[in-house]
Amino acid sequence: MKPQVSVTMAVHDAERYLGAALESIERQSFPDFELIAVDDGSRDGSLAILQRHAARDPRLRVIARPHSGIAVTRNAALAAAQADLVAVMDADDVAHPERLARQVAHLRSHPEIVALGAGALIIDPEGWPIRRLEAPLEHAAIDAALMRGRGEALVHPSVVFRRDSLLAASGYREGIDSVEDLDLCLRLAERGRLANLPETLLEYRHHLRKSTYALGSEHRRLANRVLRDAQLRRGLDAASGYQMPALAGETPAVDYRCEWVRQAVIGGNLATARKHALAVLREQPGRARSWQLLARALFGLRSEPLRRWLGRPGAAVNGAGR
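Residues numbered from 1 in each chain as written. Predicted model: local features only at pLDDT ≥ 70, side-chain atom pairs only at ≥ 80, totals over all residues. Heavy atoms only, no water.

Chemist: Outline the overall build of the protein, listing residues and values.
Modeler: Check the secondary structure of the protein and you find 13 helices and 9 strands. Every one of the 322 residues in the protein was classed for burial, and the buried ones make up 52%. Counting contacts in the protein only where the partners sit at least 6 residues apart, residues at least 24 apart contribute 76% of the total. Approximately 14500 Å² of the protein is accessible, and the part contributed by carbon and sulfur atoms is 53%. (Helix = DSSP H or I, 4+ residues; strand = E, 2+ residues; numbered from the N terminus. Buried < 20%, exposed > 50% of the residue type's maximum accessible area, 1.4 Å probe, protein only. Contact = heavy atoms within 4.5 Å. Areas by Shrake-Rupley, 256 points an atom, 1.4 Å probe, with all protein chains shown as cover.)

What follows is the structure in structure tokens.
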């Protein structure tokens, strides 16, 4: 008998985080699922980790294939899925034990929803909390955010899809890796309703190997292509539609740490903010920005309070401007 949920996981060189991701699915309170993990030509120990887990849990099926990219790999997992509901799980994230149970129950009682996400806690590479994503709950707000390139409005590895809707939409579009999820969700929004549960059901890991970080300006270019395509499909004026601004250049890794500091302060996770502020300071001790970030992390200051604090007599840091 086919399972109620097919959990799909695309895996490529993910050995650092893969074990925790697999265990979080194996520990789900909702037991009637299959986990289809497609290894996309990993060069590290990912395939061996998958095989070890499959040997002890018959619900896990492993497919190994040559490296083809994320969209091709996701489509391979979708093709192997047997259930009417298809959950996405990434190899570097952690699912809450109640994730599948909550999402399946909601989808059973709301047949109009074709894709259901959930709240997510952004974590750093070591699992420290950055901030909770406040995703919109209703279709109109989710779709409007997606049309502005805000993929976090429906965090892809938190989503459960209806398989028939995925197949009707022809699955993931290949050749646009890093924005294949944004593209799919925009196309699904044209076929049915999108929604998010308010509960935080996923730990969503940010690290420098994520495609949105690694590809930099190429990710922006592809995202704008997807937005133009959506505008044209919907009969909108693509020339005046929203486009994500281009990056000034390839953003160095330290800039992403700076963003983690800012977001961790917003989320009230000051220990995480201080950790990354100190890393930025070690990397760039002569920049004023590094000292400003440290002050923000130490005192939990957002932008406006920080500027006021730095303007007080005696608040300047010696050497900060050199």
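On we go.
Chemist: Tell me about empty space enclosed by the protein, and please be specific about residues and values.
Modeler: Sizing a probe to match a water molecule and rolling it over the atoms shows the empty space that remains. With the rule as written, the count across this model stands at 1 cavity of 30 Å³ or more. Computed from the structure, the largest cavity encloses a volume of approximately 40 Å³. Every residue lining the largest cavity is listed: Thr 8, Met 9, Ala 10, Arg 74, Ala 77, Val 88 and Tyr 172. Elements with a contribution of two residues or more to the lining of the largest cavity: strand E1 (5-11) and helix H3 (70-80). (1 Å grid on protein atoms, 1.4 Å probe; cavity = no way out; pocket = protein on both sides within 12 Å on 5 of 7 lines; lining within 4 Å. Points joined across faces, edges and corners; volume = space filled by probe spheres on them.)

Chemist: Outline helix H7 (residues 180-189), listing residues and values.
Modeler: A large share of H7 lies buried, amounting to 9 of its 10 residues. Those residues of H7 that sit buried are Glu 180, Leu 182, Asp 183, Leu 184, Cys 185, Leu 186, Arg 187, Leu 188 and Ala 189.

Chemist: Before we move on, could you go through the nonpolar core and cite the residues and values that matter?
Modeler: Grouped together as the largest cluster of nonpolar side chains are 51 residues, with contacts concentrated most on Val 5, Val 7, Met 9, Leu 18, Leu 35 and Met 89. Broken down by element, this core gets its largest block of residues, 6 residues, from helix H10 (residues 253-266). Core analysis: the next-biggest nonpolar cluster, separate from the first, contains 38 residues, Val 88, Leu 146, Ala 223 and Val 226 among them. (Core = buried A, V, L, I, M, F, W, Y, C linked by side-chain atoms within 4.5 Å.)

Chemist: Give a detailed account of the packing of helix H11 (residues 270-283) against helix H12 (residues 288-299), specifying residues and quantitative values.
Modeler: In a packed pair of helices, the relevant descriptors are the angle between the two axes and the axis-to-axis distance. Contact geometry of H11 with H12 gives a least axis separation of 8 Å together with a crossing angle of 165°. As far as their axial angle goes, H12 and H11 are roughly antiparallel. Handedness of the H11/H12 crossing: left-handed. Of the residues in H12, those in contact with Leu 270, Ala 273, Arg 274, Ala 277, Leu 278, Val 280 and Leu 281 of H11 are Ser 290, Trp 291, Leu 293, Leu 294, Ala 297 and Leu 298. Among the residues forming the contact of H11 with H12, the class breakdown is 11 nonpolar, 1 polar and 1 charged. (Axes fitted to C-alpha atoms, helices over the stretch in contact; angles between N-to-C directions. Parallel < 35°, antiparallel > 145°, perpendicular 65-115°, else oblique. Left-handed = near helix turned anticlockwise from the far one by under 90°. Nonpolar A, V, L, I, M, F, W, Y, C, P; charged D, E, K, R; others polar.)

Chemist: I'd like to hear about unusual backbone geometry, residue by residue, with values.
Modeler: Despite not being glycine, Asp 13 shows a phi value in the positive range, around 50°. Here Asp 13 is to be found in the loop between E1 and helix H1 (15-26). We classify Asp 13 as buried; its relative accessible area is 12%. Of note, Ser 178 is a non-glycine position whose phi angle comes to about 95°, a positive value. By secondary structure assignment, the location of Ser 178 is in the loop between helix H6 (163-168) and H7. By relative accessible area, Ser 178 is classed as buried at 6%.

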